[in-house]
Protein chains: 2
Amino acid sequence: MRFDDRKKRILSAIVETYIRTGEPVGSKTLSEFPEISVSPATVRNEMAALFEMGFLEQPHTSAGRVPSHLGYRAYIDGLMRAKPLTDDEKDGIDALFNISDPDPDKLLADSAETLAEYTGCATVAMTTTPSYVTVEHIDIVPADETTVVLLVIASNGVVKSKVCRLFFRVNTGIADFFRKFANDRFCGHTLKEISAEFVSAVSIQLGEYSNVFNPLIVGIYELCKEVYDGQYYLGGREKLLTYNEYSDRALEIMKLISKRDKLGPVIGNNPSGVTVFIGKENSLSQLSGSSLLVARFSIGENDCGTIGLIGPVRMDYSRLIPHLEYFAEKLGTLLSITYQRKTGDDNG
Amino acid sequence: MRFDDRKKRILSAIVETYIRTGEPVGSKTLSEFPEISVSPATVRNEMAALFEMGFLEQPHTSAGRVPSHLGYRAYIDGLMRAKPLTDDEKDGIDALFNISDPDPDKLLADSAETLAEYTGCATVAMTTTPSYVTVEHIDIVPADETTVVLLVIASNGVVKSKVCRLFFRVNTGIADFFRKFANDRFCGHTLKEISAEFVSAVSIQLGEYSNVFNPLIVGIYELCKEVYDGQYYLGGREKLLTYNEYSDRALEIMKLISKRDKLGPVIGNNPSGVTVFIGKENSLSQLSGSSLLVARFSIGENDCGTIGLIGPVRMDYSRLIPHLEYFAEKLGTLLSITYQRKTGDDNG
DNA sequence: TATTGGCACTCGAAAGAGTCGAGTGCTAAA
DNA sequence: TTTAGCACTCGACTCTTTCGAGTGCCAATA
């Protein structure tokens, strides 16, 4: 049986109509489409064929047809006409990223929230740190008598800080000593190397002072770990409640996507561009009723993170895929500006 | 009509049974309670009286009775026997707060999440900064050639930092100059004073350098604002989905409580101890189906924040009120240790 | 040969009828 | 003042009926 042109048009129309209405699509409705314009009976014959080929499902005998996962897949891979963003939509997204000096962490969290608002889906934004990234510099700044601010600057430009409150007074001498010590021991090592064992070993080298300085050493460890772990932000999880598909599963899905160890591996390892997982294609069985759209973004040349959408299988792919793509691109651009300035200025 | 002892016992039993089962409570059920032990007919007479007095409501003629808001209020204010925490429960909460050197912001966010997990309610945690808090110290630390870390330390011990990426190379001289300038202009001023206008005025004093240093001045402004605004964290909003009461209102409530400008004023201005708003007592009409429990916590002597529970009116007050109280107390204690060490060590 | 009109059939959704039982209010007796 | 007795109410549940959108199949048609 050939998957001829009319079958393609009919499948397209079924997918699009079902996405729009949420109701199974019947032969009469389809026959009224200008790009189809054959009688309902003919449409029925074609639908029977598409059903045979696995592209359609039938909720029950006397209902219309609904796309199967295969049907969605065929639609997305070949039939769909992506709706390019209007200038207004582009301007809208551009405006979101028109921030002069963003805090990268907040930017990511805000992006997730904004993208959720923009798409009506739950979103996830995640960054990962390549294993070659090293500690570039550690600093310690006395804030008041017993408080210091610890800074860890990584070779990828990420800076993290932490307030440490100590049990003794910190003067410039102590700060200088510790700064030198910490830089000597940590700089140049990859973040990956800096394990609890590594830190214990460093601590021992402080000899009798190891107890006193322990909060700072632990602080450095925590900051390194924080940088290496990257970020994981969710946005608009409550959007799932607006879809009847999730009427009683919403809580389960909301909990699931909150867990980085569950969703992270799934979204973290995809080619560039937008990757789509439709329903049962998801490796997590709980997501068999959901579709997942993920897009990588990069800082300059370096692949650095993923931003994704989670919504019902019946989501508007033709609109959301280009949106997500554009959004990820813009996010990458802004992060690149933020992080690359330090080297970009070298020539000036 | 007297609100005599037996009426009180019956009202108590109705509230407690209804909280437990979610079903209207009938006379037969009540007559079997040992503390009531009169016939169903007598109970019915008493219930009719309690209904007259406004303590009960009746979903429909042939259903049992349900507490009215007045009924809950009477229960909470006079009849309820608070269930003190068991040692195990106390240990559980104590363990949550057994952290050596917490980041205050994370602590608050984690507390909200943990409290939600512990109580099954949505939670909110908020801090406010008294208007007398001043800027104590500003620091600027070069991180790499064009990146600096800005620090603002407030007189209440709060430290905030921000990474600023600049368009020029920062050497020690520039950093020293700006540090002195910023401390001269900002220190001693209350956070409240540091408005956009204030910052513009300061910026002008930099003369020809005002453009160059503007990102730093703006950074200081943002940090001051961040400290002054305090924090607002939500936890476990999805818990609301577990109550049928919220079957179709969950989304609305989740959105509402996410808005600090809506919920903040309601929870931010209450006496110490646990304050309870039952259903329609809430000034926000959308919360008429919810109860709100709020508890203040303080750092040392200074009142500093609020932590609260949001759940269905039918919540287990006798358990949750003591829990929230203990939780707020512990949170305050840990924050006090964190913030007060700097002065507490002055005697040593 | 592909398309179409006709027709009997299917099956879920919605509406209506009947039953059940928990719970009530009222009255009269204890 | 308390209680047993009794008629009554009304939601929850079940069963049945009706309705109609949609189907599959077949014979007629272009």
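Structure: see above.
Let me sum up the structure you'll find in this document.

About the thresholds
Residues numbered from 1 in each chain as written. Chains lettered and ligands numbered in written order. Predicted model: local features only at pLDDT ≥ 70, side-chain atom pairs only at ≥ 80, totals over all residues. Heavy atoms only, no water. Axes fitted to C-alpha atoms, helices over the stretch in contact; angles between N-to-C directions. Helix = DSSP H or I, 4+ residues; strand = E, 2+ residues; numbered from the N terminus. Parallel < 35°, antiparallel > 145°, perpendicular 65-115°, else oblique. Contact = heavy atoms within 4.5 Å. Near = heavy atom within 4 Å. Polar contact = N/O pair within 3.5 Å; in protein donor to acceptor, adjacent residues only side chain to side chain. Buried area = accessible area lost by both parts, 1.4 Å probe. Salt bridge = Lys/Arg side-chain N within 4 Å of Asp/Glu carboxyl O. Nonpolar A, V, L, I, M, F, W, Y, C, P; charged D, E, K, R; others polar. Buried < 20%, exposed > 50% of the residue type's maximum accessible area, 1.4 Å probe, protein only. Left-handed = near helix turned anticlockwise from the far one by under 90°. Least-squares fit on C-alpha atoms with pLDDT ≥ 70 in both.

The next point concerns the packing of helix H1 (residues 5-21) of chain B against helix H3 (residues 40-52) of chain B. For any two helices packed against each other, one specifies the inter-axial angle together with the distance between the axes. Residue and element names in this part refer to chain B. Closest axis-to-axis distance for the H1/H3 pair is 10 Å, and the angle between their directions is 85°. Taken together, the axes of H1 and H3 lie roughly perpendicular to each other. Contacts between H1 and H3 involve Arg6, Lys7, Ile10, Leu11 and Ile14 on the former and, on the latter, Thr42, Val43, Glu46, Met47, Ala49 and Leu50.

So, on to the protein's contact with DNA strand D. Around DNA strand D there are 20 residues in total, and A:Ser27, A:Arg65, B:Arg6, B:Thr42 and B:Ser62 lie nearest to it. Within the side chain of B:Thr42, a nitrogen or oxygen atom sits 2.6 Å from a phosphate oxygen of DNA strand D. Within the contact set of DNA strand D, a phosphate oxygen lies 3.1 Å away from a side-chain nitrogen or oxygen of B:Thr61. Top element by residues in the surface near DNA strand D is H3(B). It accounts for four residues.

Now for the interface of chain B and chain A. Taken together, the contact pairs 40 residues of chain B with 40 residues of chain A. Between chain B and chain A lies a buried interface of about 3,600 Å² when both sides are counted; carbon and sulfur atoms form 51% of it. Inspection of the region where chain B meets chain A yields four salt bridges. Run the count over chain B and chain A and you get seven residue pairs in polar contact (both at pLDDT 80 or more). Breaking the side of chain B that touches chain A down by element, the ones donating at least two residues are strand E4 (135-144), strand E5 (147-154), strand E6 (159-165), helix H10 (250-258) and helix H12 (317-344) of chain B. Class assignment of the residues belonging to the side of chain B that touches chain A gives a composition of 17 nonpolar, seven polar and 16 charged.

Attention shifts here to the pattern of salt bridges. All names here are of chain A. Inspection of every chain in the model, using the stated rule, returns 42 salt bridges over all chains. With its nearest N and O atoms 2.6 Å apart, the salt bridge here joins arginine 179 to aspartate 139. In this pair, arginine 179 is assigned in helix H7 (residues 172-186) and aspartate 139 in strand E4 (residues 135-144), connecting sequence segments 40 residues apart. Under the relative-accessibility criterion, arginine 179 is labelled partly exposed at 21%. What you see here is one network of salt bridges that share partners, running through Asp4, Arg6, Lys7 and Glu46.

Another point: the packing of H7(A) against helix H8 (residues 196-204) of chain A. All names here are of chain A. The geometry of H7 relative to H8 is characterised by a closest axis approach of 11 Å and an angle of 135° between their N-to-C directions. As summarised for this structure, H7 and H8 are arranged oblique, according to the angle between their axes. Both H7 and H8 take part in a crossing whose hand is right-handed. Contacts between H7 and H8 involve Phe181, Arg185 and Phe186 from the first element and Phe198, Val199 and Val202 from the second. Class assignment of the residues belonging to the contact of H7 with H8 gives a composition of five nonpolar, no polar and one charged.

Further remarks concern the relation of the copies chain B and chain A. Least-squares fitting of chain B to chain A yields an RMSD of 0.1 Å, with the transformation described by 0.0 Å of translation along the axis and a rotation of 179°. The operation mapping one copy onto its partner corresponds to a two-fold rotation axis. Within chain B, the C-alpha atom positioned nearest to the axis of rotation is that of B:Ser161, 3.6 Å from it.

Near DNA strand C there are 20 residues, and of these A:Arg6, A:Thr42, A:Ser62, B:Ser27 and B:Arg65 occur at the shortest range. In the model, a phosphate oxygen of DNA strand C is placed 2.9 Å from a nitrogen or oxygen of the A:Ser39 main chain. Interatomic distance of 3.1 Å between a side-chain N/O atom of A:Thr61 and a phosphate oxygen of DNA strand C. Breaking the surface near DNA strand C down by element, the ones donating at least two residues are helix H3 (40-52) of chain A together with H3 of chain B. Considering every element that reaches the surface near DNA strand C, the biggest residue donor is H3(A), with four residues.

Topologically, B:Thr147 is positioned in strand E5. A polar contact of 2.8 Å, which involves the side chain of B:Thr147, links it to the side chain of B:Asp144.

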